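Notes for the structure review
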Protein chains: 4
Amino acid sequence: MDAQPPPRGPRQRLGEDQRRKQLMAATVLEVAERGYEGATLTKIATRADVAKGLVWRYFADKDDLMEATAKATLETMRATIVDALDLGRPVPEIIRAALRLAAAQIRTHRNELVALDRILHNLPGPDGGERVITDFYEESYRGQESLFRRGQAEGSLGDFDARIMAVTYQGSIDAMLAYLEIHPELEPQDYADGLAEILLGAMKATA
Amino acid sequence: MDAQPPPRGPRQRLGEDQRRKQLMAATVLEVAERGYEGATLTKIATRADVAKGLVWRYFADKDDLMEATAKATLETMRATIVDALDLGRPVPEIIRAALRLAAAQIRTHRNELVALDRILHNLPGPDGGERVITDFYEESYRGQESLFRRGQAEGSLGDFDARIMAVTYQGSIDAMLAYLEIHPELEPQDYADGLAEILLGAMKATA
Amino acid sequence: MDAQPPPRGPRQRLGEDQRRKQLMAATVLEVAERGYEGATLTKIATRADVAKGLVWRYFADKDDLMEATAKATLETMRATIVDALDLGRPVPEIIRAALRLAAAQIRTHRNELVALDRILHNLPGPDGGERVITDFYEESYRGQESLFRRGQAEGSLGDFDARIMAVTYQGSIDAMLAYLEIHPELEPQDYADGLAEILLGAMKATA
Amino acid sequence: MDAQPPPRGPRQRLGEDQRRKQLMAATVLEVAERGYEGATLTKIATRADVAKGLVWRYFADKDDLMEATAKATLETMRATIVDALDLGRPVPEIIRAALRLAAAQIRTHRNELVALDRILHNLPGPDGGERVITDFYEESYRGQESLFRRGQAEGSLGDFDARIMAVTYQGSIDAMLAYLEIHPELEPQDYADGLAEILLGAMKATA
DNA sequence: CATGAATGAGCGTTCATTCAT
DNA sequence: AATGAATGAACGCTCATTCAT
């Protein structure tokens, strides 16, 4: 029974994907713990148990690593929620469940949420603005819009501007997560239910 | 060949308030254009047309300058909105007007909004977290809560959790501003009206 | 009886000597407390209750102030000792008394001793060396040499190289003061007596 | 016109010890020439023909570099002297030889002596005082005391307070070195012999 | 003459990035 | 390919010195 862990000698050769994941995981931890400015590539590489110089083999530069980390983290979290949803249920129920799942993340994925927030608010775009956040939220918006439209078609939701509602919905979730982050004494599920009440109220009100 | 900075004229002696404002204005511009990290005190001083060392006569350090800039900017913007509101009107009308005023800021105070966002998400608090953002949002929340309660007392608003609504309301505004920021083709007033419809729908729906 | 302290208004005009003494006294305190590097002209001027800009009216620059402070302090301390000595007594007694007086300074003029030491070991001479220390010790050496010669002429001291003895004598005192500085539990008088025994032993031994 | 520093060749990779020695050697030169304050890490690195940032790979900060330089220099010089002594000879002869060796250093290790003096008088200890100097002199004192006691036991030295004698002995050497430093026209050996006469006179005199 | 706001060279230090091994 | 020593630009900050008032 020689199932010992790999000898961990120097110069272990890992696949590119594995290396990238290692580095992005370390990035999440460092950024969550020390902030965007405080996360240095030296510390990230050390934490990922990877030679410093290798960072530049797998990422173009620091911004690239940060952007990739943000994208991967966002995608992972979105997939987690979507996978856990039963899309066969009525739309209002889906929304209620989605909000609860989102709220639960503050407990299960606090580091990812904090890191994501920090990266998104610091990543400079080509023109100095924040490009990434846009594109990714755009994808979320579209998913939500189609969900809303389905509810409207099914008659479970009233008439409203789906795009503005999607932006508002996403903004409400972000605000919820930020609020729960600084109010750890609150029960995420309770807040999620309260928010569902509000949002569904808005969605059902006939314009 | 000689890319020297243009020589400044003779020393100008300004009052403390004027200097601080000068420096904070330059800070807003730099942070808006280059982000929190990218805004260095050297560039800020240069932009303010002032010797680098002067920064430390009026601010303890970079964080102090950033915090002061955030506070002053936030206060200015809040005052602008509050002053423009007619608090004697019915609450729903006040909310509609407030949303329009907030939306209009993306045109009149884009730099301030962007800088504020970046600073608030980067300012390290005493324990390494973000303290300021909390306190300031807390102040906003309380103001909004009392407005909501007034509406509930007057019968123009239904029954809902005022705190969650305040957080959601503020989050919706932030999301709106971010969305308008990257969609300059949109008319802020239209978005504001659409958002008002949604939020007032949520507020009027009887739970 | 209106003997109140001077009103201390701004722009008090003092004589040059008074100003210089104020500044040098403050220099002694700052250097003693914060070291040579830590003593900034701003702090010195503040402590002397003098406008910062005035420093350059009374001293050419920082080094000039330091050098002047060292000279004045050294001269004052030397005069204090010499004045307290009864030069009419036999030479060995004079030496014994001088050593006791020197040792006592660690209690009465600690700041001056510390500041003097720090300045003398930091003052850069024209060529980067330490010039001042030389010239001033030279004066001391001459005084001591003539005292030693008198003792030799009177027969109370043996034969020895007066210059080397003077250097050794001064070096012994400096070592004593440094040792007493870091051994505050010792009684200065006891050390002085012990040192007198040693030095007089050396002086009386017939070569 | 183009006063650029001469371009260094390709990067050389050195062992840790070699790099540290390289940097400490440059430190000795800079401190000797420009004093403690004047010796900046920029100049030290340049003199060592090394990138500025390398200093922080091998030393924690400026004080660490200075302290390490002082310790290494002191140890080297002490070893040089001790190795050259024949400890089997009678104590008075050892002392005579030690003084000659010490005096000779002003010719062979002038920079080291000057740098050591400057560093020891400026190094801030944990409490802001000078700690290192104490500990190192303490070590010297103990060595000298035991030598003196051996001489007393052997009958070649008289009775005296060994500690005060040690402090005086060390102080005499420091004074000698400082004196020889500013009197290059003197023959170190002659001074050393003169000082030996004086100190041995003191040590042999029966109290 | 006195004041202290203004200046700017220079410091110690960090860290993304490069490259000899 | 992998390593981490080496590099150097840039940063936040200090402080001796100048000068408009």
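Further up the page is the structure itself.
Notes on the structure in this doc start here. (Residues numbered from 1 in each chain as written. Chains lettered and ligands numbered in written order. Predicted model: local features only at pLDDT ≥ 70, side-chain atom pairs only at ≥ 80, totals over all residues. Heavy atoms only, no water.)

1. Comments concerning the overall build of chain A
Along the backbone of chain A there are nine helices and zero strands. Reading the helices (α) and strands (β) of chain A from amino to carboxyl end gives α-α-α-α-α-α-α-α-α. Across the 207 residues in chain A, those meeting the buried criterion constitute 47%. Expressed as a percentage of contacts within chain A between residues at least 6 apart in sequence, the contacts between residues at least 24 apart total 68%. For chain A, the accessible surface area stands at approximately 10500 Å², while carbon and sulfur atoms represent 52% of it. (Helix = DSSP H or I, 4+ residues; strand = E, 2+ residues; numbered from the N terminus. Buried < 20%, exposed > 50% of the residue type's maximum accessible area, 1.4 Å probe, protein only. Contact = heavy atoms within 4.5 Å. Areas by Shrake-Rupley, 256 points an atom, 1.4 Å probe, with all protein chains shown as cover.)

2. Concerning the protein's contact with DNA strand F
Neighbouring DNA strand F are 38 residues, the closest being Arg11(B), Lys52(B), Trp56(C), Arg57(D) and Tyr58(D). Taken together, the sugar and phosphate atoms account for 65% of what DNA strand F places within 4 Å of the protein. For DNA strand F, a phosphate oxygen lies 3.0 Å from a polar atom in the backbone of Lys62(B). Between DNA strand F and Trp56(C) there is a distance of 3.4 Å, counted from a phosphate oxygen to a side-chain nitrogen or oxygen. Every element with two or more residues in the surface near DNA strand F is listed here: α3 (55-58) of chain A, α2 (41-47) of chain B together with α3 (55-58) of chain D. (Near = heavy atom within 4 Å. Polar contact = N/O pair within 3.5 Å; in protein donor to acceptor, adjacent residues only side chain to side chain.)

3. Here's the deal with the packing of aromatic side chains
Going through the model one piece at a time under the given rule, you end up with 20 aromatic pairs over all chains. On the basis of an interplanar angle of 75° and a centroid distance of 5.8 Å, the ring pair of Phe148(C) and Phe160(C) is categorised as edge-to-face. Of this pair, Phe148(C) sits in helix α7 (residues 132-154) while Phe160(C) sits in the loop between α7 and α8 (162-182), placing them twelve residues apart in sequence. With a relative accessible area of 1%, Phe148(C) lands in the buried category. One aromatic cluster is present, formed by Tyr137(A), Tyr141(A), Tyr179(B) and Tyr191(B) through successive ring pairs. Sitting over the ring of Tyr36(B), Lys62(B) keeps its end group 5.1 Å from the ring centre. (Phe/Tyr/Trp six-rings, centres within 6.5 Å; stacked < 30°, edge-to-face > 60°. Lys NZ or Arg CZ within 6 Å of the ring centre and 35° of its normal.)

4. Here we look at the relation of the copies chain C and chain D
After a rotation of 177° and a shift along the axis of 0.0 Å, chain C superposes on chain D with an RMSD of 0.6 Å. Taken together, the turn and the small shift mark the pair as related by a two-fold rotation axis. For chain C, the residue whose C-alpha comes nearest the rotation axis is Ala202(C), separated from it by 2.1 Å. Residue by residue, 90% of the interface of chain C is reproduced at the interface of chain D, so both copies engage with the same surface. (Least-squares fit on C-alpha atoms with pLDDT ≥ 70 in both.)

5. Some words on the pattern of salt bridges
Residues and elements named next belong to chain D. Summed over the entire model, instances satisfying the criterion amount to 60 salt bridges over all chains. Here Arg78 ties to Glu75 by a salt bridge, and the two come within 2.9 Å at their closest N and O atoms. Taken together, the residues Arg78 and Glu75, both in helix α4 (residues 62-84) and three residues apart, mark about one turn of the helix. On the basis of relative accessible area, Arg78 is assigned to the partly exposed category, the value being 33%. (Salt bridge = Lys/Arg side-chain N within 4 Å of Asp/Glu carboxyl O.)

6. Overview of the packing of helix α5 (residues 91-108) of chain D against helix α8 (residues 162-182) of chain D
Residue and element names in this part refer to chain D. Viewed as axis vectors pointing N to C, α5 and α8 meet at an angle of 35°, and their least axial separation amounts to 9 Å. Crossing of α5 against α8: the hand is right-handed. The residues of α8 that touch α5, namely those facing Ile95, Ala98, Leu99, Ala102, Ala103 and Ile106, are Tyr169, Ile173, Met176, Leu177, Leu180 and Glu181. Here the contact of α5 with α8 is composed, by residue class, of eleven nonpolar, no polar and one charged. (Axes fitted to C-alpha atoms, helices over the stretch in contact; angles between N-to-C directions. Left-handed = near helix turned anticlockwise from the far one by under 90°. Nonpolar A, V, L, I, M, F, W, Y, C, P; charged D, E, K, R; others polar.)

7. A short note on the protein's contact with DNA strand E
The local shell around DNA strand E holds 36 residues, among which Trp56(A), Arg57(B), Tyr58(B), Arg11(D) and Trp56(D) are the closest. Per the 4 Å cut-off to the protein, sugar and phosphate atoms form 63% of the nearby atoms of DNA strand E. Within the side chain of Trp56(A), a nitrogen or oxygen atom sits 3.4 Å from a phosphate oxygen of DNA strand E. Separating a base oxygen of DNA strand E from a side-chain N or O atom of Lys52(D) is a distance of 2.9 Å. At the level of elements, α3 (55-58) of chain B together with α3 (55-58) of chain C are the ones that each hand at least two residues to the surface near DNA strand E. For the surface near DNA strand E, the residue count by class is twelve nonpolar, five polar and 19 charged.

8. Quick word on unusual backbone geometry
Look at Asp49(C): it is not a glycine, yet its phi comes out positive at around 60°. A relative accessible area of 39% places Asp49(C) in the partly exposed class.

9. Digging into the nonpolar core
Counting 132 residues, the largest nonpolar core has Met203(A) and Met203(B) as its most contacted members. Once residues lying within four places of it in the same chain are set aside, the contact partners of Met203(A) are Ile95(A), Phe148(A), Leu157(A), Gly158(A), Phe160(A), Met165(A) and Tyr169(A). Core analysis: the next-biggest nonpolar cluster, separate from the first, contains 130 residues, Ala39(C), Leu177(C), Leu180(C) and Val167(D) among them. (Core = buried A, V, L, I, M, F, W, Y, C linked by side-chain atoms within 4.5 Å.)

10. Re helix α1 (residues 16-38) of chain A
All names here are of chain A. Over its 23 residues, α1 extends only 26 Å from the first C-alpha to the last, a length that falls short of the 33 Å expected when each residue adds 1.5 Å. By the largest-angle criterion, Ala32 marks the main kink of α1, which is about 85°. For α1, the set of buried residues is Arg19, Leu23, Met24, Ala26, Thr27, Val28, Glu30, Val31, Ala32, Gly35 and Tyr36. (Expected span 1.5 Å × (residues − 1). Bend = angle between axes of the 7 residues up to and from the residue.)

11. So, the interface of chain C and chain D
Contact residues are listed per partner, giving 31 residues for chain C and 30 residues for chain D. Summed over the three residues of chain C that lose the most area to chain D, namely His121(C), Ile164(C) and Ile198(C), the buried surface amounts to 21% of that side. Inspection of the region where chain C meets chain D yields zero salt bridges. Of all elements in the fold, only α1 (16-38), α6 (110-120), α7, α8 and α9 (188-204) of chain C reach the threshold of two or more residues within the side of chain C that touches chain D. For the side of chain C that touches chain D, the leading source of residues is α8(C), giving ten residues. (Buried area = accessible area lost by both parts, 1.4 Å probe.)

12. What to know about a negative patch on the surface
Together, Glu37(A), Asp61(A), Asp63(A), Glu37(B), Asp61(B) and Asp63(B) line one region of the surface with negative charge. Along the polypeptide, Glu37(B) turns up in helix α1 (residues 16-38). Exposure remark for Glu37(B): the relative accessible area of 32% places this residue in the partly exposed category. (Patch = residues over 30% accessible without salt bridge, like charges linked within 9 Å, V, L, I, M, F, W, Y side chains within 5 Å. Lys, Arg positive; Asp, Glu negative; His and termini not counted. Charge placed at Lys NZ, Arg CZ, Asp CG, Glu CD.)

13. What to know about the side chain of Gln105(A)
Following the sequence through the fold, Gln105(A) ends up in helix α5 (residues 91-108). When near neighbours in sequence (up to four residues on either side) are disregarded, Gln105(A) contacts Met77(A), Ile81(A), Arg110(A) and Leu113(A).

14. Observations regarding α8(C)
Residue and element names in this part refer to chain C. Spanning 21 residues, α8 covers 30 Å between terminal C-alpha atoms, matching the ideal 30 Å at 1.5 Å per step. Counting buried positions over the 21 residues of α8 gives 17, a clear majority of the element. In this structure Asp161 caps α8, since a side-chain oxygen of it lies 2.9 Å from the backbone nitrogen of Arg163.

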